[in-house]
Each structure stands twice: as C-alpha cells, then as structure tokens.
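Fold and geometry: a report
Spelled out from the first residue to the last, the chains are:
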Amino acid sequence: MSGDTVIEAKDLTKTYGQAVAVDHISFSVGRGEIFGLLGPNGAGKTTTILMLLGLTDISGGEVSVLGFNPAREPLSVKRRVGYLPDTVGFYDQLTAADNLRYTARLIGFRFNEREKRIAEALERVGLPDSANHYVGTFSRGMRQRLGLAEILMKGAQIAILDEPTSGLDPHATTELLGIIRRFKAEGVSVLLSSHLLERVQSVCDRVALFSAGRIALMGTVSELGREVLGAGYVVDIEAEGAGLAERLALIPGVSGLEQTGIGKLRLHADRDVRSEAAAEVVAMQGRLKYLGVQEPSLEAIYNHYFESKPDEVPKEGARHAA
Amino acid sequence: MRREGSAFNGLGVVMLKELADHLTSVRFIILELIVMLIAVGTVYVATQQIKDTVAEDPFLFLKFFTTSREPLPSFIFWLSLLVPVMAIGLTFDAVNGEHNRRTLSRILSQPIYRDALLFGKFLGALMTLAIALVVLWLLVVGLGLLFIGIPPGGEEIARAFVFLLVTIVYAGVWLSLALLFSILFRSAATAALATLGLWLFFYVIWPVLAGELATIIVPPDPRYTALGLQTPGTVVLEQILARLSPSTLFGEIVVAILDPTTRALGPIYLSQLQGAVLGSPLPLAASVLIAWPQIVGLIATTIILFVIGYVVFQRQEVRA
C-alpha cells in the first residue's frame, strides 16, 4: 500500500534521558483508514503523536507524514494534519467562531474563505447555533466537537485525535464517533489514541496495542482475536429441540460445543457457521430464539495477551508489528 | 539543519490577538484606571507646587513629571513603581496560561513555529503597554497645558518624548522577565509571585544591599571618614552593584533626561567640571549621551531575558 500510505513510521524511538518512552515502533496508516493507537496511559501513545506532528524531537528512527519529515518540514506537516489534543482547550473568553478564526488566521486563510470554512465546519459537527457563544459555557463534548470542527475547517488530510472520547458521556461519545466515521467517508485518514478499548473498537479499521512504549500487537480486531484468543469464531445459539447439540457438533468447522444454560449452546468454530447452524435447527423443526456471533472484544484480547505474557517485554516487535 | 519556512509565520496574527485580549481584559482596565488616577492626581499636585514657585525655569514643563508635594510622591516615582507591575500583570501567565488552558498544543499544531507564538506574545504585551503609556503621556502633557497654560518648548517636548521611549524600554525588561517566569513555572500564581518578588528585591532591597556589600568588599578608608567624606572606591563599587538593578538604571536615565542640568550620573570628577557652567542646562543630545550606557543596559537586559526564555521554550515539552 505504498502509494496510499499517509503515515509511515519505522523504528521510531523517543528517550528522555535514560527512560525510553517510545521504543522502536513501526507502523503505517493508509489513506482513508481509521487507525487506533490503544493502550494504557503512559504507554507512549501521546509521545508518538507529538513526534508525528514535529512537536517533540525524535530520538531515533524515521517517520514520514504525507511524504514530509516532521522534524525537518514541520510546517508542511502541520498544514495538512489536524490535531485534537487530549482534553483540548479553547480560549474561554472568545466565542466558538472567534476561536476558529484565530486558528484560521494562523493557517493563513483569507477572510472570505475563512468565514465559509468556519460556517461549514461548525455546521458539520452540529454546532451552528453555538457559533457566537462563548466557549466558556461549552460542555466537554461541545469542546471536543469544536476541536473536530477545527480539523474540518483546516481541510486536513489526516486527523490525529488523542483520547477523543475520554470523559464524555455515552451520547456524546456516540456523536463523536459518528463524526469520526464521516472523516473516513471523505477520505481523511484518522489516527486516534485511546485507553477505552471497547468504545474505539467499533470505529477502527486497524489497531496497534501499545505496552510500555512498544507495539505489542497490530492488525484488525478480528485478526488479533484469532491470534491471541486462539479459536476463531464463537457462535451463541438459543434454541429448543431434542438432539440439537449432537447435530450442531457435526457441522464442518465446529471444533467445540458447550452448554451455557438451558437451551443455550456455544459453538467454537474456525469460520462463521451461523447459517449452517440456523439451517440445522430449522431442519430439526426446533425453535430458534437467538443466534449470534461474538466479535472478539479488544478488551478480552488485551487482557488475555498481557495475562498470558506478564513478563514479556518484547525484544523484537517485528513479529507483531507487521 | 535548515528549518523550512519563516519563523515569523503567524507572528502578526498572534500579536494582534494578544493585543486584543489585553485591551479588552478586565485586568488591563483596572491597571489603566489606577495609572490614570495617579496621573491626574500627581499632575494636579505638581501644578499647585509649580504655581507657588516664582523662580523662572526654562524647563517648567518637565517639572510636571518630577515635582512632588508632600505627601504625594512625584509622577515618575509612581511610574517607576507601576510600569513593572503593569508589565508583570500582562505577561506573568503568557505561556503557562496557554499550558493550563490546554490551548498550547492545539495552537502549536497549526503551521507556525514556537518563535512566532513567543515573540508575538512579547510584542503584543509591549504594544499594549506602549499604547497605555502614550495615552498617559498625552494625558499628562494635556493636563499640564490646561493647568498652567504655558505651551512647552520644542526641547521640552523632545525630552518628554525620549522619557516616554525609555519608559517603554523599561517596561520591556519586566515584560521579558515575566515572560521568562511564565515559561519556567507551570503555575501562573508561582510565576507572578516570583516575578513580583524579584521586582521588589531589585526595587527596595538591592539599593540598600548594594551599599552594604560595597562597604564589606571595599571597607571605607578612615582618612576619608574622618573628613566626613565617602571613600571613592566604596562609592564606585556601590554604584556598580546598584546598577545591576533595572530600577536603578531607569532612575538614572530619568534624572539625566528630565533634569537638563545633570552632568554626570555618579561621582563627578574635577576634570568633568573644567570649563562647565554649573547649573546650566545641557543640550538634549548630551543628556541622552550621559544616559546612553543605562539605556543600552536596559535594552540588553530585555534581549538577554527574552533569549533565555526563548531557548527554554524551544526545548520545553508541549504536552500538558
């Protein structure tokens, strides 16, 4: 995906004296992809982001953002990349529109373009009525949305979002994730960091799990699930019918079956066997009440991975960091 | 390694924003009100004093700045007291404020360098103070005209104008000190206290301390003491030490500029008195020349403090 890669990091390293904050990480983000940097606080996510933006020195390794080196050409990078910092701040004594005007002037937009872009951006994040309200009165969720409006106004090709959903209520989170999905629809690549695995799982195309400055795992959520949790798919069935369990166990690909309750069965399979299972139940004239496949949860993957390898301080990230 | 683009990208934008913020802030309005009151009060009192004086003075107008009547000190006393307070009040939270509001990383992720932000903040505050001081200056000049009704001469205006410029330079010293502390300390309150503390130290304690230190390092010669004179070595050292304080430098400049009869700042040697008509005024250029080292000293202090702040800021982590 060389032609469509917007961020390419290779052996990126950041040290503070003796302490290593980011330790030889490599990853790439494609155009229009939502890439998640996930992991606990202090794992090196924010430091990685700051290095991508040229806001902190790079101790080692190479990084290219849209073909520019953030250390040497920070202005070219910052002109094309929008950044929403962790708990973004605005000038409380200015209105939402004035805050964006200041940024727009810094970017260098002329008056007409500036006003047009600001109006559009506020419209798209759902804040058109708050344009002339002071940011001091804004809720946390509105500030986050204003931060996204700033990125939209900038016309950024890459949006880098640091903990965009932390501290938001579920409703605001859903709205925010909706805006992030729209970024993708417009071909904007999104790099987002979070320690809230579940929330972010739903929007990310690919994720990198950070641990102590290294990328422990990288790939799509289902890839990681298979790699870490072993068995591929888990299908839950709730149905009534005699001898159902025996019949279901015979479906090709099913490797295990367990009774999880009265009339409830759980199938472990190496592929999605929902349609076959449904067909079996119907064929036996049973009553199918529920049929669902469990998406591997990032949290389960994460916990499983670090529980199974508590001492592992990966010496070579290469196995995971494809 | 050459950086891409200009370091001054966005400088004007930052400066204008800072200027607008300052001019509309409550903090500034309060400071300005205090200064206005003092200007009106001191000029009025000075007028009363001047009206009582019958002696002819070719530089009557400059007396507005320097004349005092008990219990109110003169205008320049208040100015030398308030300019640092205003300067510190404007910039003590310049950089740490952005940190604490968490706006710093967002602003720095725009296509500008940190240079533009810092320099813009300094220039914005300096312009704010300059505007305030120009207004104040015009107020004093106008009130003076109103109260005594004698138009000032060209040289008086020129001297008053130089005085205005020097005051702005003096403000610059405290601006860059406050800016430096706002970079060094993450808490705005700490930065304000540290800057005010340093200002008090230089304004109140240092002049006394300089004398004490000088006597310790160069003990007074008993032969001079017996004659009731000060030992030259001690006096010279005391002055050198005292001049480390910007307040002292400003005071000396003001004396040289506003009092045209000032021939030297510090001990006068016999050679300087040769051919001099004592009490006769010097031309403006000569007065400026006398104070030139002090003026350069103030400008240099401003630049040095700013550069230290600049270097620290460049290396600082932006993350909150």
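Residues numbered from 1 in each chain as written. Chains lettered and ligands numbered in written order. Predicted model: local features only at pLDDT ≥ 70, side-chain atom pairs only at ≥ 80, totals over all residues.

1. Quick notes on the interface of chain B and chain A
Our working rule: Residues are treated as contacting if the C-beta atoms built from their backbones sit within 7 Å of each other. Put simply, DSSP marks the helices as runs of H or I at least four residues long and the strands as runs of E at least two long, and each gets a number from the N terminus on. Only Asp, Glu, Lys and Arg are considered charged in this grouping, and only Ala, Val, Leu, Ile, Met, Phe, Trp, Tyr, Cys and Pro are considered nonpolar; every other residue, Gly among them, is considered polar.
With 20 residues of chain B in contact, the opposing surface of chain A contributes 23 residues. For the side of chain B that touches chain A, the secondary structure elements donating two or more residues are helix H1 (11-24) and helix H6 (104-108) of chain B. Take the side of chain B that touches chain A: its biggest share by element is three residues, from H6 of chain B. In terms of residue class, the side of chain B that touches chain A is made up of six nonpolar, seven polar and seven charged.

2. Focus: helix H2 (residues 26-52) of chain B
Residues and elements named next belong to chain B. Using the following cut-off: Given a helix with a known number of residues, its expected span is that number minus one, times 1.5 Å. Three exposure classes are used. Buried residues have 20 or more other C-beta atoms within 10 Å of their own C-beta, exposed residues have 12 or fewer, and partly exposed residues fall in between, all C-beta atoms being placed from the backbone.
Over its 27 residues, H2 runs 40 Å from end to end, which matches the ideal 39 Å to within 8%, given 1.5 Å per residue. Burial in H2 covers these residues: Phe-28, Leu-31, Val-35, Ala-39, Thr-42, Val-43 and Ala-46. The secondary structure elements touched by the buried residues of H2 are H1, helix H3 (63-66), helix H4 (75-91) and helix H7 (114-148).

3. Let's talk about the packing of H7 of chain B against helix H14 (residues 284-315) of chain B
All names here are of chain B. This is how the line gets drawn: Fitted lines through C-alpha atoms serve as axes, helices being fitted only where they are in contact, and the angles separating the N-to-C directions of these axes extend from 0 to 180 degrees. Here is the rule for handedness: rotate from the far helix to the near one, and if that takes an anticlockwise turn smaller than a right angle the crossing is left-handed, while a clockwise turn gives right-handed.
Between H7 and H14, whose axes approach to 10 Å, the crossing angle comes to 145 degrees. Note that H7 runs across H14; the crossing there is right-handed. Along the contact surface, H7 presents Arg-114, Leu-118 and Phe-122, while H14 presents Phe-306, Gly-309, Tyr-310, Phe-313 and Gln-314. Considered class by class, the residues forming the contact of H7 with H14 number five nonpolar, two polar and one charged.

4. A word on the confidence of the model for chain A
Put simply, the test is: The pLDDT score gives, residue by residue, the confidence of the prediction method on a 0 to 100 scale.
Mean pLDDT over chain A stands at 85; residues scoring 70 or higher make up 93%. The model gives residues 312-322 of chain A a pLDDT under 50, and that stretch makes 17 contacts with residues more than four places away or in other chains.

5. Topic: the sheet that holds strand E4 (residues 60-65) of chain A
All names here are of chain A. Heads up, the condition is: One requirement defines pairing of two strands: DSSP has to find at least two bridges between them.
Spatially, E2-E1-E4 is the arrangement adopted by the three strands of the open sheet, whose pairing is antiparallel. This sheet does not close on itself; its edge strands, each paired only once, are strand E2 (19-30) and E4. On average, each strand axis in the sheet is tilted by 15 degrees relative to the strand beside it, whichever way the strands run. Where strand E1 (residues 5-16) lies against E4, five bridges are found, and the strand directions are antiparallel. Looking across to E4, one finds that Lys-10 is bridged to Glu-62. Together, E1, E2 and E4 form the strand contacts of helix H1 (residues 45-52), whose direction differs from that of E1 by roughly 120 degrees.

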